[in-house]
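Notes for the structure review
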Amino acid sequence: MSDYKRQITIQSDLEFKKITDDIIKVGNKLYSRGLLYATSGNISSVLKYDPLELAITASGVDKGNMDAKNVLIVDSSGEVIEGNGKPSAETLLHLAVIRNMKAKSIIHTHSIWSTILSRRYLSEGFVELNGYEMLKALEGNTTHNENEILPVFENSQDMVELSKKVSKYLIEHPKSHGFLLSGHGLYTWGKNLSEAMRSLEAIEFLLEIRGREISLER
Ligand SMILES: [Zn+2]
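Not measured: the values here are computed from a predicted model.

Attention now moves to the UniProt feature "domain: Class II aldolase/adducin N-terminal" (unreviewed entry) in the protein. Taken from the UniProt record, the annotation "domain: Class II aldolase/adducin N-terminal" (unreviewed entry) applies to residues 21-211. The span residues 21-211 carries 34% helix and 24% strand; its end-to-end C-alpha distance comes to 33 Å.

Structure below.
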């Protein structure tokens, strides 16, 4: 357990309850759309920045059937400060995004199209998306001609190393909207859970389009 004791007040408890309810709703929605099968993926949202308190889904939880006890609060090193359950090893990637981007909420999916395309584009190191109206759904994009680069990192179980690689990339590319892990899935984020959800839906849509286009070319 962390040495940091969370200061519980009525307001912080209400805030945690609201964020927990929102995380459960997002989990249900994404599970029902086949983006979070077999307890995969995770969803997080910042409760407080200084010191950091991050609400995040616990490891091994069925995202289609969550309740409040499946959401933990972790600190800036990923240690649980409230709740029973184990945080996912991938909590370090959520923390890397929060540290380096102006993001409050993060969604990570293991979808079919992100898994297929992350393997196909691993050797290039990125998926380039251009010319789709849906690009305008991503924060800051104003035209279908935006050149959206989705980097692909080689999957690893060494989350410390992987989070260092991801952090380095995000610092150098502050306008990024997401990244892929090869054969694994997608990470994306937003200023709140609604924006993270919009980004997730847009990128998943674009990846499916790209995948289907490649299939039609054969
Ligand atoms: Zn994952």
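Resuming the write-up.
Take the side chain of E195 next. Relative to the helices and strands, E195 resides in helix 5 (residues 193-217). Residue contacts for E195: discarding those within four places in its chain leaves E139, W189 and G190.

Bringing the coordination of the zinc ion into the picture now. Geometry reference: four tetrahedral donors at a metal, ideal angle 109.5 degrees. Six octahedral donors, ideal angles 90 or 180 degrees. For the zinc ion, the full set of protein donor atoms is E90 (OE), E90 (OE), H108 (NE2), H110 (NE2) and H184 (NE2), at a range of 2.1 to 2.8 Å. The class of H110 is partly exposed, set by a relative accessible area of 28%.

Next up on the list: a nonpolar patch on the surface. A contiguous nonpolar surface patch, about 400 Å² in accessible area, is contributed by Y31, Y37, I112 and I116. The residue Y31 is located in helix 1 (residues 10-32) in this model. Residue classification places Y31 among the partly exposed positions, given a relative accessible area of 32%.

Following the sequence through the fold, T188 ends up in strand 9 (residues 185-190). The class of T188 is buried, set by a relative accessible area of 0%. A polar side-chain atom of T188 sits 2.5 Å from the main-chain carbonyl oxygen of H177. Ignoring anything within four residues of it in the chain, the contact list for T188 reads S105, I106, I107, H177, G178, A196, S199, L200 and I203.

Our focus in this paragraph is the sheet that holds strand 4 (residues 80-82). Reading across from one edge, 4-3-2-1-5-9-8-7-6 is the order of the nine strands in this open sheet, with mixed pairing throughout. The strands lining the two open edges of the sheet, one partner per strand, are strand 4 and strand 6 (126-129). Each strand axis lies, on average, 25 degrees off the axis of its neighbour in the sheet, ignoring direction. Seen against the sheet, helix 3 (residues 112-120) touches strand 5 (105-109), strand 7 (148-153), strand 8 (178-181) and strand 9 and runs at an angle of roughly 75 degrees to strand 8.

About the thresholds
- Residues numbered from 1 in each chain as written.
- Predicted model: local features only at pLDDT ≥ 70, side-chain atom pairs only at ≥ 80, totals over all residues.
- Heavy atoms only, no water.
- UniProt positions renumbered as here; feature names shortened; annotations may be inferred.
- Helix = DSSP H or I, 4+ residues; strand = E, 2+ residues; numbered from the N terminus.
- Contact = heavy atoms within 4.5 Å.
- Donors = N, O, S within 2.8 Å, 3.2 Å for Na, K, Ca; no water.
- Buried < 20%, exposed > 50% of the residue type's maximum accessible area, 1.4 Å probe, protein only.
- Patch = residues over 30% accessible without salt bridge, like charges linked within 9 Å, V, L, I, M, F, W, Y side chains within 5 Å.
- Areas by Shrake-Rupley, 256 points an atom, 1.4 Å probe, with all protein chains shown as cover.
- Salt bridge = Lys/Arg side-chain N within 4 Å of Asp/Glu carboxyl O.
- Polar contact = N/O pair within 3.5 Å; in protein donor to acceptor, adjacent residues only side chain to side chain.
- Pairing = 2+ DSSP bridges.
- Axes fitted to C-alpha atoms, helices over the stretch in contact; angles between N-to-C directions.

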